[in-house]
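Descriptive analysis of the structure
Here is how the chains run, residue by residue.
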Amino acid sequence: MKKPKIYIDGQAGTTGLQIKERILNRDDLELLTIAEDKRKDPGERRRLMEKADLVFLCLPDAAAIEAVSLMEGLDTRIIDASTAHRTSPDWAYGFPELSAAHKAAIQSAQKVANPGCHASGFIALVYPLARSGLLNLDSQLKSFSLTGYSGGGKSMIAAYENEKEDEMNSPKPYALGLAHKHIPEMKAVCGLQQTPLFVPIVDDYEKGMLTQVFLGKDDLTKSVSLQELLDLYKNWYGDSQIQVGDPQGALFSNTLAGKDGMEIFVNGSSETGYVLSARFDNLGKGASGAAVQNMNLMLGLDEYKGLHL
């Protein structure tokens, strides 16, 4: 059987390198590479894109849009890891565990938008509530997400590992204007009528993510017990790689560093309200692991082949 050919446009970046690492050890794929001095050559990039069966775009938003234009007229399938196309109706949203329809759309799509890291945790928690009718869609949800510094790419990794200042030993909330670039997909995918209040936090550890969403009584359409919420998530995600854990008194953020799965936890009660938690690797299920999972589905391969689970 002919091996599918894969090209990573932007293979020198953090996400591209992580995708490359997951592909290199596989014997069922052929990875196309570009010479270092040709990485920004449109003609050479176009040649490799035309030769490939599937292309990953691991580029900033504007460059990803330009790359899609460069591929105009090609039948090559695309997975875009940037923010550029995540709310576009012309692109399938690459989160197959959300529903059978999402998975089928990914399998048949030519263009798939890979989810954002913070958005992956938020949507994994909120989407089942919204679709089951338990969430008041007019509520303004409140959320924060703690990430390792690798989520900031090469410049932030270098800053933390080689140029670290004393203040970087502490957590740093950012995007305090409440307009983080992942918010549009959080709102659109979950069907929310209000823009969530969301603040991300970067801390002094390499990788791992913990996203939390807080539910007050007014956020739900009816009173539900802790067990009912746990059962909802267990039934929703079934035997997928998204696992539902027992309630916890505390959670570390980097437990799944180096893994491509996700864990969900629910704490609280109908009297106090609930805190929902999604734990995963910002470079795994939050980026490159999710991209490889989507590639597998698009190529008709084992969904979890090459993943670290």
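As a reminder, the structure under discussion sits directly above these lines.
Residues numbered from 1 in each chain as written. Predicted model: local features only at pLDDT ≥ 70, side-chain atom pairs only at ≥ 80, totals over all residues. Heavy atoms only, no water.

Let's talk about the overall build of the protein chain
Where we set the bar: A run of H or I in DSSP becomes a helix once it reaches four residues, and a run of E becomes a strand once it reaches two; helices and strands are each numbered from the N terminus. Here the radius of gyration uses the C-alpha set of atoms, whereas the globule reference equals 2.2 Å times the residue count to the power 0.38. Burial here depends on accessible area, computed with a 1.4 Å probe over protein chains only, as a share of the maximum for the residue type. Under 20% is buried, over 50% is exposed, and the range in between is partly exposed.
Of regular secondary structure, the protein chain possesses nine helices and 13 strands. Over its C-alpha trace the protein chain gives a radius of gyration of 19 Å, about what one expects of a compact globule, namely 19 Å for 309 residues. Summarising its shape, the C-alpha atoms of the protein chain cover approximately 60 × 50 × 35 Å along the three principal directions. Counting every position in the protein chain, which comprises 309 residues, the buried fraction comes to 53%.

Notes on the pairing of strand E1 (residues 5-9)
The condition that has to hold: DSSP-based pairing: two strands are paired if at least 2 bridges between them are found. Think of it like this: strands point away, you trace from the first strand over the helix to the second, and a clockwise trace means the crossover is right-handed.
Across the five residues that make up E1, a large majority, five, are buried. Note: E1 against strand E2 (residues 30-32), three bridges, orientation parallel. When the bridges of E2 are listed, Ile6 appears paired with Leu31. Remark: the E1/helix H1 (residues 14-24)/E2 crossover connection has right-handed handedness. One ladder, built from four bridges, connects E1 with strand E3 (residues 54-57); its direction is parallel. Bridging across to E3, Asp9 finds its partner in Leu57.

Here's the deal with the packing of helix H5 (residues 117-131) against helix H7 (residues 183-190)
Selection rule: Structural elements are reduced to axes, namely lines fitted to C-alpha atoms, with helices fitted over the stretch in contact, and the angle between N-to-C directions of any two is expressed from 0 to 180 degrees. The labels follow the angle: roughly parallel below 35 degrees, roughly antiparallel above 145, roughly perpendicular from 65 to 115, and oblique for the rest. Helix crossings are classified by the rotation of the near helix relative to the far one: an anticlockwise turn of less than a right angle makes the crossing left-handed, while a clockwise turn makes it right-handed. Should any heavy atoms of two residues lie within 4.5 Å, those residues are counted as being in contact.
Running from N to C, H5 and H7 point in directions that differ by 20°, and their axes come no closer than 9 Å. Of the possible angle classes, the one that applies to H5 and H7 is roughly parallel. Note on packing geometry: the crossing formed by H5 with H7 is right-handed. Two secondary-structure elements touch here, H5 through His118, Ala119, Phe122, Ile123, Val126, Tyr127 and Ala130 and H7 through Glu185, Met186, Val189 and Cys190.

Overview of the side chain of Gln241
Note the threshold: Between N or O atoms, a polar contact is any pair within 3.5 Å; within protein, one atom must be a potential hydrogen donor and the other a potential acceptor, and residues adjacent in sequence are included only when both atoms are from side chains.
Residue placement: Gln241 occurs in the loop between helix H8 (226-237) and strand E11 (242-244). A polar atom in the side chain of Gln241 sits 2.7 Å from the side chain of Glu97. In this view, Gln241 contacts Glu97, Asp260, Gly261, Met262, Lys285, Gln293, Tyr304 and Leu309; residues no more than four positions away in its chain are not counted.

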